[in-house]
Amino acid sequence: MSSPFTHHFNTNYVLSDNEVVTIRGLISQGKMIMDDIQQRKGAPERELRELENRWKAQKREVEGHKALLSPIKRIPVDILSSIFLAALEGYHGLPQKISAHHSAIVISHVCRSWRNLAISTKLLWCNLLIDIPPCVPFTFPNRRWAAKVAKLVELAQVWISRSDDCHLSVDLTDRTAHGRSGRDIEKLFSKGTDLDKLVDTLVASSSRWKSLKLKTVIPQTELLRHPTIRLLTLPPQSTPKLTEVELFCGAMGHQLNSPVSQTTMAGPSILGSPTLRSLVIAARPLFDDIMRIPAIWSNLEHLSFGRHLVESSHRFDVLGILSLFKECPNLVTCQLILEDAVAQMPTMSEAPISLPRLKKLVFVLENSDLPKGFAQHLILPSLRQLDVLYDGDSRGVTPRGHHESGLFEFLDRFGGTLDDVAFCYLALTQPALLHCLKCLPNIISLGLFSPRDALHMMGDPAAASLGNVDLFLQLTPQVDVLPLCPKMQVLQFNPCRDEVLAEEAFLDFVAARRREEDGVPGEVARLREVDCGDYFFVNVEPREGLRERGVEVDHHKKTRLHIRVIFSIAANF
């Protein structure tokens, strides 16, 4: 059977509607011929071989016609482009590093039509996640390392070229100097390397940068000569579209107020870009004082800062944070480490600082409580989320009553607008914890946590405890009585190690929050998620106990409770 479509076999040719009808007819005709041949296979041997060859040829033609009808070949290009973009999500939703195995490259090698579509889909090539490997072994020249970096240069050029005029997100991790001394680095960068070429390639595209994330550690002696530092020291006018910067980089052998650090911060910097709106700086930065950064602070909407150098005289106490807030009136989200809470508090004669757009505020405390009097210096009409957590040493923290607690002061002042709160309950006495919860009538998500090193706090009889039955009784709806936090839908907690939860009271609370009470219809929200953290249930099996109370916990159905339990009695069997 002669077909006008044989030259389209093994291609991605897209059929018209009329051709689809023709193809279906050819397939039916081909199958009839195959059936006729099959019936005649009882003929002599030579004719049998001829029939067998004709049958195989006919089968190939039929299969070719069937392939032309494949649904994937008739998907509109806009939908196919969307599928390509969805394929960019890597393992667990993490972005993919640029490589020969990147999804965009793999897709572009399937067939000619897919390649053309992939190359013309600019958004496939807008994210440059580059991981520069360590120079191991640290010998000169290291041809293996140079070849890897040269390949990254080639790939970066491909990404930048195919993204055309789209905004770029650059995420660069430079592990070249990992574990090496300044003398080794000096040898490596005494002459030009492929790393210089890679930085040149990225710098050439800086006018299209939308975000930059840089992770590296650089010996201070080589700070000004290290290629990747050039990404920071570009003049602001070279990055007219830059809105986000994240820095996870520091200097080895850092010297406070060194000429190198001063030169790095005093000169031109992309941090002074007038379009910059989000700035994230991790711990141990390249500079001594965050306020020396040439940023236009009043433009920032999102700010997160790790901590100053341990040796630095600049520490974020309350006065420092308030000074920062004065410079950043347009903040929407902010995360800071309160490094020194015992410093002098400003007098109330000074006008409170207003941050009218601030919605999320996170304080990470170091060996101190949130100081009382702090909240009185702030006006936060839009605040929705407040996290007050501990990092590192908490041995200086003692349980406080609500009259002495800076946390209670924050919740009392801003609790009416908050719908998401997380804090360390061990920094409060039991009555103070209940007073704090009374300040949260509109809370939707509540987190109660303990510091990692909090065993000394658990031993304090004054400290609040999740083993206190009264806590869950106060959160449990009663007839005609609203419980604490009546709008709560999500509860997260992580008790201190060796602390025993009031398990039966906890299960009664969860079960009651899943029922609609007759006395207060619609006023108490249904609990939809409980996260028990690392707690090990010792007296009950939580899922079984909830089922006995009529609560279904299959989280695969939207109408049922999602409960996350890592350790329980049942987990031991």
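Conventions we followed
Residues numbered from 1 in each chain as written. Predicted model: local features only at pLDDT ≥ 70, side-chain atom pairs only at ≥ 80, totals over all residues. Heavy atoms only, no water. Helix = DSSP H or I, 4+ residues; strand = E, 2+ residues; numbered from the N terminus. Buried < 20%, exposed > 50% of the residue type's maximum accessible area, 1.4 Å probe, protein only. Contact = heavy atoms within 4.5 Å. Areas by Shrake-Rupley, 256 points an atom, 1.4 Å probe, with all protein chains shown as cover. Salt bridge = Lys/Arg side-chain N within 4 Å of Asp/Glu carboxyl O. pLDDT = per-residue confidence, 0-100. Core = buried A, V, L, I, M, F, W, Y, C linked by side-chain atoms within 4.5 Å. Polar contact = N/O pair within 3.5 Å; in protein donor to acceptor, adjacent residues only side chain to side chain. Axes fitted to C-alpha atoms, helices over the stretch in contact; angles between N-to-C directions. Parallel < 35°, antiparallel > 145°, perpendicular 65-115°, else oblique. Left-handed = near helix turned anticlockwise from the far one by under 90°.

### With respect to the overall build of the protein chain
Looking only at helices and strands, one finds 16 helices and 16 strands in the protein chain. Looking at the protein chain as a whole, 49% of its 573 residues are labelled buried. Nonlocal contacts in the protein chain, meaning residues at least 24 apart in sequence, comprise 80% of its contacts between residues at least 6 apart. Carbon and sulfur atoms form 53% of the exposed surface of the protein chain, whose accessible area is close to 27700 Å².

### Concerning the pattern of salt bridges
Here the idea is simple: oppositely charged side chains can pair when their charged atoms come close. This model, assessed by the stated rule, comprises 13 salt bridges. Between D171 and K213 there is a salt bridge, and its shortest N-O distance comes to 3.9 Å. Placement of D171 in strand β2 (residues 168–174) and of K213 in strand β3 (residues 209–219) is noted, with a sequence separation of 42 residues between them. The exposure class of K213 is partly exposed, given its relative accessible area of 26%. Between K213 and E246 there is a salt bridge; the shortest N-O distance is 3.7 Å. Here E246 lies in strand β4 (residues 244–252) and K213 lies in strand β3, a separation of 33 residues in the sequence. Counted as one network, the salt bridges with shared partners bring together D171, K213, K215 and E246.

### Here we look at the confidence of the model for the protein chain
Of all residues in the protein chain, 77% have pLDDT values of 70 or greater, and the mean over the chain is 80. Confidence drops under a pLDDT of 50 for residues 567–573, and excluding neighbours within four residues, the segment shows 16 contacts in the predicted structure.

### Focus on the nonpolar core
The biggest cluster of nonpolar side chains holds 132 residues, and the ones touching the most others in it are F423 and F506. Of all the elements, helix α6 (residues 143–162) adds the most residues to this core, at eight residues. Once residues lying within four places of it in the same chain are set aside, the contact partners of F506 are F472, F493, L501, V530, C532 and F537. Within the second largest apolar cluster, 11 residues are counted, among which are F5, L15, I23 and L51.

### Concerning the side chain of S103
With respect to the secondary-structure elements, S103 resides in helix α4 (residues 103–107). Using a relative accessible area of 17% as the deciding quantity, one classes S103 as buried. Polar side-chain contacts of S103 include one of 3.1 Å to the backbone oxygen of A87. Apart from the residues within four sequence positions on either side, S103 is in contact with A87, L88 and Q96.

### Considerations on the packing of α6 against helix α8 (residues 194–204)
Angle between the axes and distance between the axes: these two values describe a pair of packed helices. Viewed as axis vectors pointing N to C, α6 and α8 meet at an angle of 15 degrees, and their least axial separation amounts to 8 Å. Here α8 runs roughly parallel to α6, going by the angle between their axes. Helix-helix and strand crossings are classified by hand; for α6 and α8 the assignment is left-handed. Contact residues: W145, A146, V149, A150, L152, V153, A156, Q157 and I160 in α6; D194, L195, K197, L198, T201 and L202 in α8.

### A closer look at helix α11 (residues 406–414)
Counting buried residues in α11 gives seven out of nine residues, a clear majority hidden from the surface. G406, L407, F408, E409, F410, L411 and F414 are the residues of α11 that are buried. Looking at the packing, one finds that the buried side of α11 touches β9 (360–365), β10 (378–379), β11 (385–390), β12 (420–424) and α12 (430–438).

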